[in-house]
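# Commentary on secondary and tertiary structure
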Amino acid sequence: MFTDLRGSTALYESIGDARAYGLVRDHFAFLTGIVREHDGAVVKTIGDAVMAAFVEPGQALAAALEIQQAVSAFNREHALAAGGEDLVAIKIGIHEGACIAVTLNDRLDYFGSTVNMTARLEGQSRGGDIIVSTRMAEDPAVATLLADRQISKESAELRGFDAPVEFLRIDEAMHKVASGDQ
């Protein structure tokens, strides 16, 4: 899983460096807690982005869904810092597959095509949605979690990959409206 804050440069500009950095740190704690609840681990942070790993694809999707569902509460808690407006929209891309695990600087890190694909899929997110690889969507636990979601099948040319890549976009905003979870 890769996540990133949408519009973080504008956030720093609008509320100031110190307040924005505090918000980014709170967002890391928020994400880390949900990732751990779903038996995942945060591998690293890169700027305001997070790379996380999970043993099972269903755990990754469950974490991603919970993150997007909990963002509005996170924004409500932090709204006073920005005069009441939503501060955070999280972009998420998830994919599954084999990768190379290495220890660098006493920390576990991952490399390879799976990692690269996941990062590129996150780049297709608009924020508030979840991008899921079609390969991951074939996992039975993932398919169950996708069953009642607003999903669109899309494709895009992704940097470093020869052919257009198909993926699913889960629109959590549409799911909240349809289920009344506003």
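As shown above, the structure is provided for reference.
Just so you know, the residues in each chain are numbered from 1, in the order the chain's sequence is written. Local features in this predicted model are restricted to residues of pLDDT 70 or higher, and side-chain atom pairs are both shown and tallied only at a pLDDT of 80 or more, whereas totals for entire chains, interfaces and linings draw on every residue. The basis for every side-chain value is the complete set of non-hydrogen atoms in the structure, without hydrogens or water.

## Quick notes on the nonpolar core
As used here, the term nonpolar core means buried Ala, Val, Leu, Ile, Met, Phe, Trp, Tyr and Cys residues forming a set that is joined through side-chain atoms within 4.5 Å. Per-residue accessibility, obtained with a 1.4 Å probe over protein chains only, is compared with the maximum for each type, and a residue is labelled buried under 20%, exposed over 50%, and partly exposed between these values. Of all hydrophobic cores here, the largest spans 36 residues; its most connected members are M1, L61, I67, I90, I130 and V132. For this analysis, residues touch if any pair of their heavy atoms sits within 4.5 Å. Excluding anything up to four places from it in sequence, L61 contacts I94, I130, V132, M136, V142, L145, L146 and I170. Grouped together as the second largest cluster of nonpolar side chains are 7 residues, M117, I131, V165 and F167 included.

## Overview of the sheet that holds strand 4 (residues 90–94)
Pairing between the strands of a sheet is mediated by backbone hydrogen bonds and can be parallel or antiparallel. An order of 2-3-1-4-7-9-8 is seen for the 7 strands of this open sheet, with the pairing classed as mixed. If you trace the sheet from one side to the other, it starts and ends with strand 2 (40–46) and strand 8 (151–156), each paired once. Strand after strand, the sheet turns through a mean of 25 degrees between neighbouring axes, direction not considered. Whether two strands pair comes down to DSSP finding at least two bridges between them. Helix and strand assignments follow DSSP, with helices taken as H or I runs no shorter than four residues and strands as E runs no shorter than two, numbered in order from the N terminus. Strand direction decides the pairing type here: strand 8 and strand 9 (residues 165–171), joined by 6 bridges, are antiparallel. Bridge pairing in strand 9 links E154 to F167. Here an axis means a line fitted to C-alpha atoms, over the contact stretch when the element is a helix, while the angle between two N-to-C directions is reported on a 0 to 180 degree scale. Across the sheet, helix 4 (residues 113–122) touches strand 1 (2–5), strand 3 (49–54), strand 4, strand 7 (129–133) and strand 9, and the angle it forms with strand 4 is around 145 degrees.

## Overview of unusual backbone geometry
Positive phi values are uncommon outside glycine, yet D39 reaches one of about 60 degrees. Mapping D39 onto the fold places it in the loop between helix 2 (17–37) and strand 2. By relative accessible area, which is 55% here, D39 ends up exposed. One non-glycine residue with positive phi stands out, namely N105, at about 50 degrees.

## Digging into the environment of V42
Along the polypeptide, V42 turns up in strand 2. Placed 11 residues apart in sequence, V42 and L31 show a C-alpha to C-alpha distance of 8.6 Å. Excluding anything up to four places from it in sequence, V42 contacts T32, V35, V50, M51, A52 and R107.

## Brief notes about the side chain of K91
Tracing the chain through its elements places K91 in strand 4. Ignoring sequence-local partners within four residues, the contact set of K91 consists of F2, T3, D4, R6, E122, G123, S125, R126 and G127.

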